[in-house]
Structures are given as C-alpha cells and as structure tokens.
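Observations on chain architecture
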Amino acid sequence: LFDGVYPFYPQQRKAAGFDISTIIVIVVFLTLACSFLLIIPGIRGRARLYWTFRVLLSLFVGVVIVVVQFTGDWETGWVQANTSYKSFSSAVVNADIGLHIGLEGVNITLKGNPLNQINETINYNEHFSWSFDANYDRSYSEGLQKGLPSPILYVAEKFTTQSPCAVHRQYRISGHYASATLWVAFCTWIISNILFSMPALVYGGYMLLVTGAFVIFSLLSFSTVRNIPMCLIQIGSATLHVAYGGSFWLTLVIGLLCFVAGITVVALHYLNLDLLKTFFDLREDKAEEYQEMAEVFVNHHFVNEGL
C-alpha cells in the first residue's frame, strides 16, 4: 500500500471544481484585458480613464456572454439529508446533495458530512449531458453500470426521457435555444465594438440594444422550463428544491447593462454629441479639422512676378 492506495488499481474519481471550457474563456479574456492595461500609460490625459472604462466594460460583457454557456448553475438546489449510500446496502450517510442545471446538461453533487464515512471519501460530482450531440439516457445507464451512489442516480433519473416527470425535452430544447441566442448576442457584441472603432457611434449604440435584446431572449427561452411543474425530489425526509442560479441572474444583469449603455449612447448622439465624442476621444480630431492656420508664409518673388 502507498498511503492507503492499492498499486495497479484505478483511484477513486475526484470531484471537478471548474469546467475546462470556462477556464479557457476566462484566460483568453484576461489576456486581452492585461494586454490593454500594458498600453494604458501611452494614452494621455482624461482619455486614459475613458478608454479604460470602455474596454474593461466591453470585455466584461463579452466574457459573461460566452462563459455562461458552459456554466452549470442556471438553476441550483441544495439539500442536506440522511440517505442510503449504495444499492443493496443498508449503510446510511449524512450528505449534501446538490443539483446544478445548465444549458447543456445537469451536474449532481454528493458531499458527505463529514467527507469520510463508512471507510470511504464521499465527494462526487457527476455530469449528465442532454445536448443534441449527446445521449442522456446512455449516460444514465453508464452511471448505473459504474455503481454511482443512490442519491445521484435518483436525481439523475428525474431527467431521463422515460421519467414520469417529462422535463427532459423541455430542458433540452430551452437550453438549446438559449445557447443559440447567446451566440447571436456575442456576434452583435463584436459588431458593436467594430462600429464604435470606425467610429459610427449611434449605430454601435443600436447594436448594443440588439445585444441586450438577444440576451433577454435567452433568459426568456430558458425560463419556459417553469411551464412544466417539476417533480418532487424527495431524499430521505428532505425535499430538494431548485431556483434560478448565479448564471441566470448574471446574464440578466448583462442584458440590462447593454440596454442602459445602448440607450445612453443613442440619447447622447441626439442630445449632446460633443459630450459623446469627448467620451470616445473624438473631439480633438474635430478641433484639428476646423483649426485655422496660425501663420501663413508668402513668397514675395512669385507675388511680384504676377504668378
């Protein structure tokens, strides 16, 4: 034995902390933000503050639109209960059971209180995908074959296609369309940044409004799952209830932020264009365009010759 682990035998699976896709997206946007911060000292005057605010705010909107597609907390629920641990066993453990629903699937966690009970480390995080390129029922069958703990299989069974709850199709379609509208929102976000850099400020404001509209559409698409009542998830003597999670509320904040920013840009374009151009560091260009020459040099030789 090496620290309690049998050699040449697979070790127990560890619970995942973060999704790899989420980490990749965050690292990419952090790299862009750090690259911009390196050139900030080269911007003079008050324009430095305006540039910093615009770029960081825009990157924040972009990273949230992409990251929430890979997170698993659009709906979440936790419950602590005494429950049976494995099939064909009378062992009872005290554990926290968590349900985390995302756009592409569901994560079910089981964490013991304490972690070490009945000579085992109870710390599981299993993912079951219902995206169009995955088979949820097959993932559930593989979980049965692996002998996953009973609480995880019990919760996962509620989302199968054969379950009397009949929520699998609704969650699958709602998540698919919510993801699609978020990708459209990401494209319109890119277009708005291009228009602001051209610069076509008022059209960039319009595209921000379109971005906010598609973000809200994604929330409306996902919220249609509430049209079907969720079956009771009874674990021991406790009931697991789900509610909108952090990703849902963060997406709502981003949608409202896009609306506020877009309305502000469009309103300033019609009410105070100079202030808008000052914020986007365009007022100096206008001043140079209409600046008069301070001094004119004339060649008197050509003047005297009548040329």
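On a predicted model such as this, the values are computed, not experimentally measured, just so you know. (Residues numbered from 1 in each chain as written. Predicted model: local features only at pLDDT ≥ 70, side-chain atom pairs only at ≥ 80, totals over all residues. Heavy atoms only, no water.)

Some details on the side chain of Glu 75
Note on placement: Glu 75 falls in strand S1 (residues 75–84). Of the residues examined, Glu 75 reaches a relative accessible area of 0% and is grouped as buried. At a separation of 3.0 Å, a polar atom in the side chain of Glu 75 contacts the side chain of Arg 226. Those residues in contact with Glu 75, other than ones at most four positions away along the chain, are Leu 99, His 100, Ile 101, Tyr 171, Phe 222, Val 225, Arg 226, Val 242, Ala 243, Tyr 244 and Gly 245. (Helix = DSSP H or I, 4+ residues; strand = E, 2+ residues; numbered from the N terminus. Buried < 20%, exposed > 50% of the residue type's maximum accessible area, 1.4 Å probe, protein only. Polar contact = N/O pair within 3.5 Å; in protein donor to acceptor, adjacent residues only side chain to side chain. Contact = heavy atoms within 4.5 Å.)

Some remarks on the pairing of S1
In S1, alternate side chains face the same way, and those of Glu 75, Gly 77, Val 79, Ala 81 and Thr 83 are buried while those of Thr 76, Trp 78, Gln 80, Asn 82 and Ser 84 on the opposite face are not. The pairing of S1 with strand S2 (residues 92–101) spans ten bridges and is classified as antiparallel. Counted as the bridge partner of Thr 83 is Val 93 from S2. Looking at chain direction, S1 and strand S7 (residues 243–244) are connected through two bridges and run antiparallel. (Pairing = 2+ DSSP bridges.)

Examining the pairing of S2
Counted residue by residue, S2 has eight buried out of ten residues, so it is predominantly covered. As paired elements, S2 and strand S3 (residues 105–117) share seven bridges and run antiparallel to each other. Its bridge partner lying in S3, His 100 is registered against Asn 107. The hairpin formed by S2 and S3 contains three residues between the paired strands.

Describing the UniProt feature "transmembrane region" (unreviewed entry) in the protein
As recorded in UniProt, the feature "transmembrane region" (unreviewed entry) lies at residues 20–39, 51–70, 177–196, 208–228 and 248–271. Between the end C-alpha atoms of residues 20–39 the distance is 30 Å, and the span holds 100% helix and 0% strand. Secondary structure content for residues 177–196 is 100% helix and 0% strand, while the C-alpha to C-alpha distance between its ends is 29 Å. (UniProt positions renumbered as here; feature names shortened; annotations may be inferred.)

Remarks on the sheet that holds strand S4 (residues 120–129)
The strand order across the open sheet built from five strands is S4-S3-S2-S1-S7, with neighbouring strands paired in antiparallel fashion. Each edge of the sheet is formed by a strand with only one pairing partner; in this case those strands are S4 and S7.

Concerning the environment of His 241
Examined against the element boundaries, His 241 turns out to sit in the loop between strand S6 (238–240) and S7. Once residues within four sequence positions are removed from consideration, His 241 is found in contact with Thr 76, Gly 77 and Trp 78.

As for the confidence of the model for the protein
The predicted coordinates of low-pLDDT regions are not to be read in fine detail. When pLDDT is averaged along the protein, the result is 83, and 86% of the positions lie at 70 or above. Below a pLDDT of 50 lies the segment residues 8–12, which in the model reaches three contacts outside its immediate sequence neighbourhood of four places, other chains included. Contacts of residues 285–294 to residues separated by more than four positions or lying in other chains number two contacts, the stretch itself having pLDDT below 50. (pLDDT = per-residue confidence, 0-100.)

So, helix H4 (residues 150–157)
Helical geometry: 3.6 residues make up each α-helical turn, so side chains three or four residues apart lie on a common side. With six of eight residues buried, H4 is to be regarded as a mostly interior element. Residues Ser 150, Pro 151, Ile 152, Leu 153, Val 155 and Ala 156 constitute the buried set of H4. Where H4 is buried, its residues meet S1, S2, S3, S4, helix H3 (136–146) and strand S5 (233–235).

Some remarks on the nonpolar core
Ranked by internal contacts, the top residues of the largest apolar core, which has 55 residues, are Leu 99 and Phe 159. For this core, the domains that each give at least three residues are domain 1 (20–72 + 170–227 + 245–281) and domain 2 (75–166). Once residues within four sequence positions are removed from consideration, Phe 159 is found in contact with Leu 99, Ile 101, Trp 130, Tyr 136, Val 167, His 168, Tyr 171 and Met 230. Counting seven residues, the second largest nonpolar core, distinct from the first, contains Phe 196, Leu 201, Val 265 and Leu 282. (Core = buried A, V, L, I, M, F, W, Y, C linked by side-chain atoms within 4.5 Å. Domains from an automatic or database assignment.)

Regarding unusual backbone geometry
Omega for the bond connecting Asn 113 with Pro 114 falls within 30 degrees of zero, at 0°, which places this linkage in the cis form. Checked against the element boundaries, Pro 114 lands in strand S3. Residue Met 198 is joined to Pro 199 through a cis peptide bond whose omega torsion reads -5°. With respect to the secondary-structure elements, Pro 199 resides in the loop between helix H5 (168–197) and helix H6 (201–223). One non-glycine residue, Ile 118, lies in positive phi territory at about 45°.

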